[in-house]
Amino acid sequence: MSNLKEKLYEKIAEWRPRTTRLLKEHGDVKIGEVTIAQAIGGARGVKCLVTDISYLDPFEGIRFRGFTIPEVLEKLPKVPGSEMPYVEGFFYLLLTGEVPTMEEVNAVAEEFNKRKKVPQYVFDMLRALPDDSHPMAMISAAIVGMQRESVFVRKYNEGINKMDYWDPAYEDALNLLARLPEIGAFIYRLKYKNGDIIPPDPKLDFGGNFAHMMGIPTPYDDVSRLYFILHSDHESGNVSAHTGHLIASALSDVYYAISGMINGLAGPLHGLANQEVLAWIQQVHEKMGGKIPTEEDMKKFVWDTLNSGQVIPGFGHAVLRKTDPRYTAQREFCLKHLPDDPLFKYVDVLYKVTPPILLEQGKAKNPWPNVDAQSGVIQWYYGVREYDFYTVLFGIGRALGVCANIIWDRALGYPIERPKSVTTAMLEESAGIKN
Ligand SMILES: CC(C)(COP(=O)(O)OP(=O)(O)OC[C@H]1O[C@@H](n2cnc3c(N)ncnc32)[C@H](O)[C@@H]1OP(=O)(O)O)[C@@H](O)C(=O)NCCC(=O)NCCS
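Residues numbered from 1 in each chain as written. Predicted model: local features only at pLDDT ≥ 70, side-chain atom pairs only at ≥ 80, totals over all residues.

Attention now goes to the overall build of the chain. When you go through the chain residue by residue, the secondary structure sums to 20 helices and two strands. Taking 2.2 N^0.38 as the reference for a compact globule, 435 residues should give roughly 22 Å; the C-alpha atoms of the chain span a radius of gyration of 22 Å, in line with that estimate. Dimensions of the chain, computed from C-alpha atoms along their principal axes, come out at roughly 65 × 65 × 45 Å. Sequence-distant contacts, at least 24 apart, represent 75% of the contacts inside the chain between residues at least 6 apart. (Helix = DSSP H or I, 4+ residues; strand = E, 2+ residues; numbered from the N terminus. Rg over C-alpha atoms; globule rule 2.2 N^0.38 Å. Contact = placed C-beta atoms within 7 Å.)

In structure tokens:
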């Protein structure tokens, strides 16, 4: 058994009694109530999900297993010669809650290496899709196409004990995650580089190999590591994480769940926002004839967008009430590596003018930038200019967090998810309204 799985066995054995006790002895304790606005408004803020992988504080931002983003970037073992940690080590942290040693990171990297061969039929299937297929549809199809390989399904059909469900879920998760960098890079090269595919390099780590297969030199390996880590998880209520959890709660396997979470991520209000940000900035760029806009120019573009009934992509958040630390981490990378890039300057001006405008407009509950406001700019700078592809990068990162959640969902025996619906008439009755 791998180090990671052994460690997970221990952690699960320690954790289970906590969940069991809460359920058996304190199951009736109330942790909140639901208003009509929350029922109509997408369950916003309703406390009805449990995860220990990450927690999103509205004012502090995300913590992965209790660590802030700067702590994660500082504490995890780094790839030799790079600024960023191993994605493999980060996955170890997500799964076990512990910062791994270099030896433990190497063991996870080895695990991924053993599992990363993508079956030929996946490439054949991707090649068979129409040329104008969206990269998110392509990666979703590739993932669900591999469902036939699910270890969970095989074990389930053999009659595995419920307590052991997490083990084949772990196997599926690692098999899938190990393959995602190659599938993502294949989609990119197939769609945008005339099918000129670069084979993987078995010596490289998750992020380094992805950059290699994309055909982009260093520091794009660090960009990839940072990107995958930052996008991995944002507690379980966001559309992609929640979709993954929901699908897996029916004991659909990891392939079905991750394909579904990718589909949720593909929406413009969620993962697609990073491409929307860039498209919006490009429009401004064109209107300005390439000149960096002044704050006054930018204010006008922001107001024009709002007045035409559109949102400012990359700003606002359903939970956060301050600048997203994932935005800040990427901004720091930009300040170090691309301070004079014109698009970065656009984002910088946008950062200055947009929050006061959104506050003045008085609709958005959070006027501050989110992760998507910055990420497209970095990709553009390093030559990934096909912004349809950006959400695939988000999806590879998000798969790390959703897989970790699904493994723990099975370990703790979370049941099938089933919130209750009410009718409009019932809400009117609760509100004391007579028709
Ligand atoms: C992220 C987002 C979907 C959160 O939605 P939410 O939880 O419903 O946000 P709020 O409660 O603050 O929304 C209240 C109002 O402010 C508006 N609003 C929120 N963010 C806005 C923005 N960036 N620009 C303009 N208006 C915005 C909403 O559309 C809503 O308007 P409505 O009452 O006319 O429907 C929303 O902020 C948004 O659309 N942002 C732009 C897209 C984006 O960056 N998505 C990536 C998120 S990581």
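Our focus in this paragraph is the site of the ligand. Lining the immediate environment of the ligand, one finds 19 residues, of which Ala 273, Gly 316, Ala 318, Ala 364 and Lys 365 sit closest. Grouping the amino acids of the shell around the ligand by side-chain chemistry returns ten nonpolar, five polar and four charged. (Near = placed C-beta within 6 Å. Nonpolar A, V, L, I, M, F, W, Y, C, P; charged D, E, K, R; others polar.)

Inspection of the secondary structure puts Glu 417 in the loop between helix H19 (390-411) and helix H20 (424-430). Spatially, the C-alpha atoms of Glu 417 and Ser 375 are 33 Å apart, while their sequence positions differ by 42 residues. Ignoring anything within four residues of it in the chain, the contact list for Glu 417 reads Leu 246 and Ser 249.

With that settled, consider helix H18 (residues 372-381). The element H18 is largely enclosed, with a buried count of nine among its ten residues. Along H18, the residues that are buried comprise Asp 372, Ala 373, Gln 374, Ser 375, Gly 376, Val 377, Ile 378, Gln 379 and Trp 380. The secondary structure elements touched by the buried residues of H18 are helix H11 (220-230), helix H14 (273-287), helix H16 (325-337), helix H17 (342-361) and H19. Once H18 ends, the next one or two residues include Gly 383, with phi positive near 100°. (Buried ≥ 20, exposed ≤ 12 C-beta atoms within 10 Å, placed from the backbone.)

You can read the domains of the chain as domain 1 (3-106), domain 2 (108-265 + 402-411) and domain 3 (273-381). Between domain 1 and domain 2, the C-alpha centre-to-centre distance is 20 Å. Listed by partner, the interface residues are 32 residues for domain 1 and 29 residues for domain 2. Going through the elements one at a time, helix H1 (3-26), strand E1 (54-57), strand E2 (61-64), helix H3 (69-75), helix H4 (87-96) and helix H5 (102-115) are the ones with two or more residues in the side of domain 1 that touches domain 2. It is H4 that provides the largest number of residues to the side of domain 1 that touches domain 2, a total of eight residues. Looking at the side of domain 1 that touches domain 2, its residues break down into 22 nonpolar, five polar and five charged. (Domains from an automatic or database assignment.)

This paragraph deals with the environment of Met 136. Among the secondary structure elements, Met 136 is positioned in helix H7 (residues 135-145). Non-local contacts of Met 136, meaning those with residues more than four positions away in its chain, are made with Ile 262, Ala 266, Thr 391, Val 392 and Gly 395.

The nonpolar side chains of a soluble globular protein tend to be buried, and buried together. Within the largest apolar cluster, 113 residues are counted, with the highest numbers of intra-cluster contacts made by Ala 173, Leu 177, Val 254, Ile 258, Cys 403 and Ile 407. Not counting the four nearest positions on each side in its chain, Ala 173 is found in contact with Val 254, Cys 403, Ile 406 and Ile 407. (Core = buried A, V, L, I, M, F, W, Y, C linked by C-beta atoms within 7 Å.)

The next point concerns the packing of helix H8 (residues 151-158) against helix H9 (residues 166-192). Running from N to C, H8 and H9 cross one another at 155°; their axes reach a closest spacing of 8 Å. On the basis of their axis angle, the class for H8 and H9 is roughly antiparallel. In terms of crossing hand, the pair formed by H8 and H9 is right-handed. Contacts between H8 and H9 involve Val 151, Phe 152 and Lys 155 from the first element and Pro 168, Ala 169, Glu 171 and Asp 172 from the second. By residue class, the composition of the contact of H8 with H9 is four nonpolar, no polar and three charged. (Axes fitted to C-alpha atoms, helices over the stretch in contact; angles between N-to-C directions. Parallel < 35°, antiparallel > 145°, perpendicular 65-115°, else oblique. Left-handed = near helix turned anticlockwise from the far one by under 90°.)

Time to look at the pairing of E2. Relative to E2, E1 is paired through four bridges, and the arrangement is antiparallel. When the bridges of E2 are listed, Leu 56 appears paired with Ile 62. If you look at the hairpin formed by E1 and E2, you'll find three residues sitting between the two strands. (Pairing = 2+ DSSP bridges.)

Moving on to the environment of Glu 74. Here Glu 74 lies in helix H3. Sequence separation between Glu 74 and Ile 187 is 113 residues, and the spatial gap between their C-alpha atoms is 32 Å.

Before going further, it helps to examine H17. End to end, H17 covers 28 Å across 20 residues, agreeing with the expected 28 Å (1.5 Å per residue, within 8%). The largest bend along H17 measures about 30° and falls at Val 353, with the proline Pro 355 one to four residues further on. Those residues of H17 that fall on the buried side of the exposure criterion are Leu 343, Tyr 346, Val 347, Leu 350, Val 353, Thr 354 and Leu 358. Where H17 is buried, its residues touch H14, helix H15 (295-307) and H18. With its phi angle positive at about 80°, Gly 362 sits one or two positions after the end of H17. (Expected span 1.5 Å × (residues − 1). Bend = angle between axes of the 7 residues up to and from the residue.)

Look at the link from Thr 218 to Pro 219: it is a cis peptide, with omega at 10°. Structurally, Pro 219 is set in the loop between helix H10 (206-214) and H11. Non-glycine residue Ala 43 carries a positive phi angle of around 60°. Here Arg 65, not a glycine, exhibits a phi torsion of approximately 50°, which is positive. We classify Arg 65 as partly exposed; it has 19 C-beta atoms within 10 Å.

Running from N to C, H9 and helix H13 (residues 254-265) point in directions that differ by 50°, and their axes come no closer than 9 Å. The orientation of H9 relative to H13 falls into the category oblique. Counting all contacts with H9, which are made through Ala 169, Asp 172, Ala 173 and Leu 176, the residues of H13 involved are Val 254, Tyr 255 and Ile 258. Residues of the contact of H9 with H13, tallied by class, amount to six nonpolar, no polar and one charged.

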